[in-house]
Amino acid sequence: MISSSALGSEAARVRLVLALAAIALGSLLGPASALAQSQAINGTIEGTITDDSAALLPGVTVTVTNLETGAARSVLSNDVGVYRAPLLPLGTYRLTAELAGFKKFEQSGITLTAGETAVVNIRLGVGQLSEVVSVVADSSVVDLARIDQGRTINERELRTLPLTSRNPYNFALLEPGVTGFETQEFGVPRLTANGMLLRVNYQIDGNNNTQKDRAGLRQMPMSEVMIREVKVITTGYAPEFGQTAGLIYNAVTPSGTNTTKGQFSYRFQRESFAATPFFAAPGAAKPPTDVDLFTADMGGPIVRDRVQYFAGFENTNRDLSGGRVITISAANAAALGLTPQPAYIPAALDTKFAIGKVDVALNATNRLTARYIYFDNFIVNNIGSTTAGVPNSVEQVTDFSDRQHSTAAQLVTTLGADKLNELRVQYATRSQGRVPGAFAGTGTAIRVPQVANFGAPIATTADAGFAFTQDVFEVIDNFTILRESHSYKFGFDIQHVSDTRTQTSFQLYTFPSVAAYNAARAGTAPFGYTTFQQFFGNPDLEYSSNLYAFFVQDDWRLSPNLKLLYGIRYDVYDVPEALADAPYESSQDFVVDKNNWQPRAGVVWTIDERGRTVLRANTGLMYDQPLLAAYERALLEDGSPARTTVSVSPTSAGAPAFPNTLENTPPGFVRPIGDVSTVDPEFRIARTWQSNVQVEHALNDRYSVAAGFQYVKGHDLPVISNVNLTGPTGMLADGRPIFSTAVNASTRIDPRFRNVFAVQSIGEATYRAFTLQMARRYSGGLQFDLSYTLAKSEDNAPLTTVLSVQGDQGRVDPASLDRDLGPHILDQRHTFVASVVAHPSVNVENNVLRAILKDNEFGIFALFASGIPVNIRSNRELNNDGIASDRPLDVPRNSLNLPARYNVDFRYSRSFHIHGPVRIQAIAELKNLFNSVQWAGVNSVVSTSTAGVTDALLPSEGRQFPPTFGYEQRQLQLGFKVYF
């Protein structure tokens, strides 16, 4: 035995570590960041073993057994009484501890979720091994080992909470500090954390699932049948996690067990189940909202205790036309010779998911997991209501296909009692494309501003003919060494990303009026158009990049109540190769930023002896994810003649007579002075210092409360700037320079080009947040998690849709970035979220009443939040800087907020037991239970003079902007599920 006093030799070390942690946390008033989750798809059971006198016990054999699969592992407590069993599959465990001369200890009911470290401290009493001390209890309601700020959405919540969209990515909004809005189907929700707009590292089983071109994109959509639980972390993640300055969303797939079980279900929605959409035109017909959804899954043993399988399938058919209103008037449609237009574009979705997974205990030291996921999404007539602000007709429809495959494997190898290795490999591919839909027009695309888009669906670079693929090959290896009170871990992550793009070879006639178009169609005035645009050149682009990372970290249990996790991470993004002969110099060689070292440290301190109160704190450096769209645009728009858009007026030499097109560039054609996109030679990967501190307290063995504060400072944020302007010709009244529209040596730094849009790393951001949480662990048929976040995020780096799926307006002043200092577009000052799962127990004597009341289950997902900001814009280009996002005079960026959101989703189910494990569950789900009006957008464009002066009141003066669309109205979904 080792007396607790033997730790006295480490007292100085402990004080030193605490002092260093205190210094680091002092950076809450300055730069800071991170730590936490020590594994992506596994858990750990650890603790300290003592005898009745509190003396530490080495050499104790601790065996942990997964009660679902039979997998077992034995470890020994070390010289300071600490034992650790890392990289355990998720599930429910039984733990035993044995040492000669002491009673055997046994605890069951220990549940491990993704990334969780369950702390089970053991006290052995003197006696015989034949004497057993049994305990049935989960680990503490307060996580005594967690350092990160995060939340695990467990299997019970995933199966019970309402989700009419079928998109589990929407559940990320349950995490405190995550703001944004959900999507109604399998698209990408808008999620942001830490004041960093849409920086999300999406993962599946710890492998990359993030599309690399723009911020906020996931690669593989997910389905309920493909997810066992979700781990969301906003800050404090360990050095082994990176490639984001925002949040990590890790979806963990299900595994089979030693028990064969499964389910199949059918759910549906119909038009009569839904309310009328918010802000629909008076008298408009209610849009169709039909949904048909089928799911099935099954898992079980192939070889009991050694090999288990899981398989799942989902097929969803959804009518998407409700959000795609056709606003072309009947009179205009008739005048243009169009067929009568329906009220809605008849868009519909057919989505299929499939998963196959096998877990194999190869031998006593090797465990292999392999899985394959398939996704196929086909949307007919997939266009929006407008393009370029002009109403679309059904002639513009395209059919959109999106197919993805993801294959991955994990091998966990135990090397003796103190070494483990985890190897993960993945190959994922995604391909998209558009072809003309059944109603598509022919010939060229035609546009009559403010009236209609019609003709062939080839008006933009992303119409019929567009195609995209991205392939990702990834290798991850992590090696763990257990030494005394330390768990050292180091590893690497290598990703090869290959992209191909094909843009539409667009052809577009623009006419000034309906009469002008009809005259051209009749042949009486074939040159009555305003402009004709046609693409020439190579529509294809291929490029690849590599992402490298390695880390070293130490999970150090300084004492039974104090744990430190510290380490360093390094990321480097080997960006696509530039074109050596590109006309613009900075596009000839893209610089690779190699100075991306990220030190991180965090502590968790159990303050009281009963283990009811913990203090968590961390600080460190995080680097942004790659945004490859910056390099893609630089390759596509490098200023060379390889790709040219010919834009001619009717009087131009060689101009075609409608409806003809050009076979080649017109005779004597001189390529117009155009624009260039590039990446600044001084570009650096954006970084954030993040710090947070949280206190969590267990009120009892069911309830816990927590309060935390977070501070984030961002540097080198990407901003798109026009770097080719010189010689202002004047000033607006607020000091913004006005530039000439002429292109010559006196107005342009490089007069070969009109505008040069460079991605620069010049922005800064600040984020502060205070969070309050209250949770109840599932017990007595009730579980809930409530959280409130008070936050403020500001930056001077408006991120446009070129680099983000949710774009802000561009910068308004090329001379002063601080003129754009303000909240980013997903800033929410107040956010309250709640998830509630209830399966009430019934204790009544009346048999009939008991039969009615039992087996009911309820799920609630509530979101109450401040409205997101809106940018007020002028209807004019005020300063001629090439970025059409100018605000009127003296109007700050994102100065208007939408009304607050109050949304409650509700799910009710009732189970009927048939025989043995077979039961049928009837299901009713309601989106927006109270049908509360929720604004999603307004028309915030105001008319101004050329000097930027508004001709009407602003919102601060009492003006009301009209809403353009809203979030989802109340919708009901019904169905049933059969469990067996």
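Given the structure is predicted, the values throughout are model-derived calculations rather than measurements.

Caption draft 1: Focus on a nonpolar patch on the surface. Together, F490, F492, I494, Y548, F550, V552, I568 and W597 line one region of the surface with nonpolar side chains, adding up to about 670 Å² of accessible area. Secondary structure elements with two or more residues in the nonpolar patch: β29 (486-502) and β32 (540-559). As for its placement among the helices and strands, V552 is situated in strand β32.

Caption draft 2: How the structure looks around helix α4 (residues 514-522). Among the residues of α4, those classed as buried are V514, A516, Y517 and A520. In an axial view of α4, the angular spread of the buried residues amounts to 165 degrees, which keeps them on one side of the axis. Exposed positions of α4 whose direction lies more than 90 degrees from the buried face are A515 and A522. Buried residues along α4 sit against α3 (330-336), β26 (445-448) and β27 (452-455). Two residues or fewer after α4 comes G523, characterised by a positive phi angle close to 90 degrees.

Caption draft 3: Structural view of the sheet that holds strand β15 (residues 229-235). Here we have 5 strands laid out as an open sheet, ordered β10-β15-β16-β13-β14, and mixed in their pairing. Of all the strands in the sheet, the pair left with one neighbour each is β10 (149-153) and β14 (207-208). Sheet topology note: the strand β13 (residues 200-204)/strand β16 (residues 247-252) ladder contains 5 bridges and is parallel. The residue of β16 that forms the bridge with Y202 is Y249.

Caption draft 4: Region of interest: unusual backbone geometry. Put simply, F658 and P659 share a cis peptide bond, and its omega is 10 degrees. Locating P659 in the fold gives a position in the loop between β36 (643-648) and β37 (675-679). One non-glycine residue with positive phi stands out, namely A54, at about 75 degrees. By the secondary structure assignment, A54 is in the loop between β1 (43-51) and β2 (61-66). A54 gets classed as partly exposed once you look at its relative accessible area, which sits at 30%.

Caption draft 5: Just the side chain of D680, in detail. Looking at the secondary structure, you find D680 in the loop between β37 and β38 (687-698). The charged side chain of D680 is buried without a salt bridge, its nearest counter-charge being R684 at 7.1 Å. Residues in contact with D680, not counting those within four places in the same chain, are V759 and Q760.

Caption draft 6: Region of the structure containing the pattern of salt bridges. In this structure the tally under the stated criterion is 43 salt bridges. Between R199 and D624 there is a salt bridge, with the nearest N and O atoms lying 3.0 Å from each other. Residue R199 is located in the loop between β12 (190-192) and β13, and its partner D624 is located in the loop between β35 (613-623) and α5 (629-636); the two are separated by 425 residues in the primary sequence. D624 matches R199 in its accessibility class, with the two residues each being buried. Taking the shortest distance from any N to any O, the salt bridge between R501 and E632 comes out at 3.1 Å.

Caption draft 7: How the structure looks around the pairing of strand β31 (residues 531-537). Of the strand pairs in this sheet, strand β30 (residues 507-510) and β31 are connected by 4 bridges, and their pairing is antiparallel. Looking across to β31, one finds that L508 is bridged to Q533. As paired strands, β31 and β36 are joined by 6 bridges and run antiparallel to one another. Its bridge partner lying in β36, Q533 is registered against S647.

Caption draft 8: Broad picture of the confidence of the model for the chain. Residues of the chain with pLDDT of at least 70 account for 96%, and the chain-wide mean is 90. Contacts of residues 1-38 to residues separated by more than four positions or lying in other chains number 98 contacts, the stretch itself having pLDDT below 50.

Caption draft 9: Expanded view of the packing of aromatic side chains. Tallied over the entire structure, the rule returns 35 aromatic pairs. A ring pair is formed by F550 and Y570, whose centres lie 5.7 Å apart and whose planes are at 45 degrees; its orientation type is tilted. Here the residue F550 occupies a position in strand β32, and Y570 occupies one in strand β33 (residues 562-574), the gap between them amounting to 20 residues. Residue class for Y570 comes out buried when judged on its relative accessible area of 13%. Following the ring pairs from residue to residue traces out a cluster consisting of F454, Y509, F511, Y517, F527, Y529, F532 and F658. Over the ring of Y778 we find R156, and its NZ or CZ is 3.6 Å from the ring centre. Against the face of Y979 rests R919, its NZ or CZ located 4.1 Å from the ring centre.

Caption draft 10: Geometry of the environment of F532. Checked against the element boundaries, F532 lands in strand β31. Residues F532 and I673 lie 141 residues apart in sequence; the distance between their C-alpha atoms is 17 Å. Once residues within four sequence positions are removed from consideration, F532 is found in contact with Q507, L508, Y509, V646, S647, V648, P656, N660, T661 and L662.

Conventions and cut-offs
- Residues numbered from 1 in each chain as written.
- Predicted model: local features only at pLDDT ≥ 70, side-chain atom pairs only at ≥ 80, totals over all residues.
- Heavy atoms only, no water.
- Patch = residues over 30% accessible without salt bridge, like charges linked within 9 Å, V, L, I, M, F, W, Y side chains within 5 Å.
- Areas by Shrake-Rupley, 256 points an atom, 1.4 Å probe, with all protein chains shown as cover.
- Salt bridge = Lys/Arg side-chain N within 4 Å of Asp/Glu carboxyl O.
- Helix = DSSP H or I, 4+ residues; strand = E, 2+ residues; numbered from the N terminus.
- Buried < 20%, exposed > 50% of the residue type's maximum accessible area, 1.4 Å probe, protein only.
- Arc of directions from axis to C-beta.
- Contact = heavy atoms within 4.5 Å.
- Pairing = 2+ DSSP bridges.
- Lys, Arg positive; Asp, Glu negative; His and termini not counted.
- pLDDT = per-residue confidence, 0-100.
- Phe/Tyr/Trp six-rings, centres within 6.5 Å; stacked < 30°, edge-to-face > 60°.
- Lys NZ or Arg CZ within 6 Å of the ring centre and 35° of its normal.

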